[in-house]
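Structural characterization, general
One-letter residues, chain by chain:
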Amino acid sequence: MRFVVRRMIELAVVMFGLSVLIFVISRVLPGDPVRFALGPTATEEQIAQLTREMGLDSPLVVQYWRLIQGLFRGDLGVSLTTFRPIAGDLATFLPASLELALLGMGLAIVIGVPLGVMTAVHRNRSRDFIGRALAFTGVAIPVFWFALLVQTLLAFEWRLFPALGRIDADVAPPPHVTGSFLVDSLLAFDIGLFLHVLSFLILPALVLAASPMAMIMRLLRASMIDEMGKDYVLTARANGMPRNLLVHKYMLRNAFSATLTIIGLLFGFFIGGAFIVETVFSWPGIGRYGVRALQFKDFNAIIAVTLLVGIAYAAANTVVTVLYGWLDPRLRLGRH
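None of the values given here were measured: they were computed from a predicted structure. (Residues numbered from 1 in each chain as written. Predicted model: local features only at pLDDT ≥ 70, side-chain atom pairs only at ≥ 80, totals over all residues. Heavy atoms only, no water.)

What to know about the overall build of the protein
Helix and strand counts for the protein come out as 15 helices and zero strands. If one aligns the C-alpha atoms of the protein with their principal axes, the spans along those axes are about 85 × 55 × 40 Å. Within the span of the protein, comprising 336 residues, buried residues form 44% of the whole. Long-range contacts, defined as pairs at least 24 residues apart, comprise 72% of the intrachain contacts of the protein with a sequence gap of at least 6. Put simply, the protein has 28 plus and 21 minus side-chain charges, and the middle of one group is 14 Å from the middle of the other. (Helix = DSSP H or I, 4+ residues; strand = E, 2+ residues; numbered from the N terminus. Buried < 20%, exposed > 50% of the residue type's maximum accessible area, 1.4 Å probe, protein only. Contact = heavy atoms within 4.5 Å. Lys, Arg positive; Asp, Glu negative; His and termini not counted. Charge placed at Lys NZ, Arg CZ, Asp CG, Glu CD.)

Structural notes on the packing of aromatic side chains
According to the stated counting rule, one finds two aromatic pairs in the structure shown. With a centroid separation of 5.4 Å and 65 degrees between ring planes, the pair formed by Phe23 and Tyr64 is classed as edge-to-face. Remark: Tyr64 occurs in helix 4 (residues 60-73) and Phe23 occurs in helix 1 (residues 2-28); sequence separation between them is 41 residues. Just as Phe23 is buried, Tyr64 falls in that class too. One Lys or Arg, Arg166, reaches over the ring of Phe181 and ends 3.8 Å from the middle of that ring. (Phe/Tyr/Trp six-rings, centres within 6.5 Å; stacked < 30°, edge-to-face > 60°. Lys NZ or Arg CZ within 6 Å of the ring centre and 35° of its normal.)

Some words on helix 6 (residues 126-140)
If you check helix 6, its first and last C-alpha atoms are 21 Å apart, about what 15 residues at 1.5 Å a residue would give, namely 21 Å. Buried within helix 6 are the following residues: Asp128, Gly131, Ala135 and Gly138. Projected down its long axis, helix 6 shows its buried positions confined to an angular sector of 95 degrees, all on one face. Helix 6 presents Ser126, Ile130 and Ala140 as exposed residues on the side facing more than 90 degrees away from its buried surface. Those residues of helix 6 that are buried are in contact with helix 5 (86-121) and helix 9 (191-228). (Expected span 1.5 Å × (residues − 1). Arc of directions from axis to C-beta.)

Digging into the nonpolar core
Grouped together as the largest cluster of nonpolar side chains are 85 residues, with contacts concentrated most on Leu90, Leu220, Met224, Ile286 and Tyr289. In terms of residue count, helix 9 provides more of this core than any other element does, 19 residues in total. When neighbours within four sequence positions are excluded, Met224 is seen to be in contact with Val117, Ala120, Val247, Met251, Leu252 and Ala255. Ranked by size, the runner-up nonpolar core spans six residues in total, among them Val34, Ala37, Leu50 and Leu80. (Core = buried A, V, L, I, M, F, W, Y, C linked by side-chain atoms within 4.5 Å.)

Here we look at the pattern of salt bridges
As enumerated under the stated definition, the model contains five salt bridges in all. For the salt bridge of Asp128 with Arg221, the shortest nitrogen-to-oxygen distance reads 3.0 Å. Pair noted here: Asp128 is in helix 6 and Arg221 is in helix 9, with a separation of 93 residues, a long-range link. For Asp128, a relative accessible area of 0% gives the class buried. Given a relative accessible area of 14%, Arg221 falls into the buried group. The residue Glu227 makes a salt bridge to Lys230 at a minimum N-O spacing of 3.0 Å. (Salt bridge = Lys/Arg side-chain N within 4 Å of Asp/Glu carboxyl O.)

Things to note about the side chain of Arg166
Inspection of the secondary structure assignment puts Arg166 in the loop between helix 7 (143-157) and helix 8 (181-187). In terms of polar contacts, Arg166 uses its side chain to reach the side chain of Glu99, at 3.0 Å. Of the polar contacts made by the side chain of Arg166, one reaches the backbone oxygen of Gly179; its length is 2.8 Å. Beyond its immediate sequence surroundings of up to four residues, Arg166 is in contact with Pro95, Ala96, Glu99, Gly179, Ser180, Phe181, Val197, Phe200, Trp283 and Pro284. (Polar contact = N/O pair within 3.5 Å; in protein donor to acceptor, adjacent residues only side chain to side chain.)

As for helix 3 (residues 44-54)
For helix 3, the set of buried residues is Ile47, Leu50 and Thr51. The arc enclosing the buried residues of helix 3, seen along the axis, measures out at 105 degrees, which places them on a common side. Residues of helix 3 that are exposed and point more than 90 degrees away from the buried face comprise Glu45, Arg52 and Glu53. For helix 3, the secondary structure elements touched by its buried residues are helix 2 (33-38). Two residues or fewer past helix 3, Gly55 is found with a positive phi of approximately 75 degrees.

Some details on unusual backbone geometry
Despite not being glycine, Asn124 shows a phi value in the positive range, around 65 degrees. For Asn124, the position within the fold is in the loop between helix 5 and helix 6. Of the residues examined, Asn124 reaches a relative accessible area of 49% and is grouped as partly exposed.

What to know about the environment of Leu90
With respect to the helices and strands, the residue Leu90 is situated in helix 5. Judged by relative accessible area, Leu90 falls into the buried class, the value being 9%. The spatial distance from the C-alpha of Leu90 to the C-alpha of Thr235 is 54 Å, given a sequence separation of 145 residues. Those residues in contact with Leu90, other than ones at most four positions away along the chain, are Leu76, Pro95, Ile286, Tyr289, Ala304, Val305 and Leu308.

These figures come from the coordinates and say nothing about function on their own.
Okay, structure coming up:
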């Protein structure tokens, strides 16, 4: 328990530092967000009035203190691009990004881990060469190019999957419960709608998972090969332990620690860094919302999205650190 509490305290310190950093950066960006919001025809009086209403005429220390107070109340301010409460915008866009990120991460792990184990066990054989070729391709191929290729072939040419959006325009979304169409359609016991929504997710999730899958596969392969040369593996083999038991119960657990680090970092990237995939597939997620906020210097939205992505990174890495303790008791007991 002390191990987890210590990590939570570290998480709070990191979030405080991130809030200060992003607040300062957002204030030094060139351009006037109020002028962006009101447009070129706005008068000086209108600009001055909105500046006062947004509290942007106050000293920076006062603005930061209001920001912190608002965060604790769940009040993130009003967006200068949508003119809606930012908390409401995040509640609208975040579920779409979460279901895309979770499916993409699931695909990367489900495909990458078995490939990493297989290529290590069959090192320098045909399956190893094929797996490594796929991994090199996944790492090297540009995301936007792969997205356009997949979209053109599988959606426009072969018509296997929908090309754009989250649901057909003539199909009613499921009753709102969580904001995730997948989860809400299951809660409504509508399997047909669930499969319809899933068909829209397949292509963007596949593109999002390609590069992380390759990284997971390559890292796990290298770790497994390193484990193969250790004394406990040689002893187990000499004593006749079945290979599958040795590989999947002992070697994989020891080799998985380094891979966990990558998975933790990738989850935060999936939440906020997927804007290219969201743009190509017109996916209404938090990445596109953040990029639009940056284009129009929407202070409050930039800070909210950045803190949200920071929380995702920090939370994922905290979970990974706790899992480290489970995988390696020396870390949990402070002996390393």
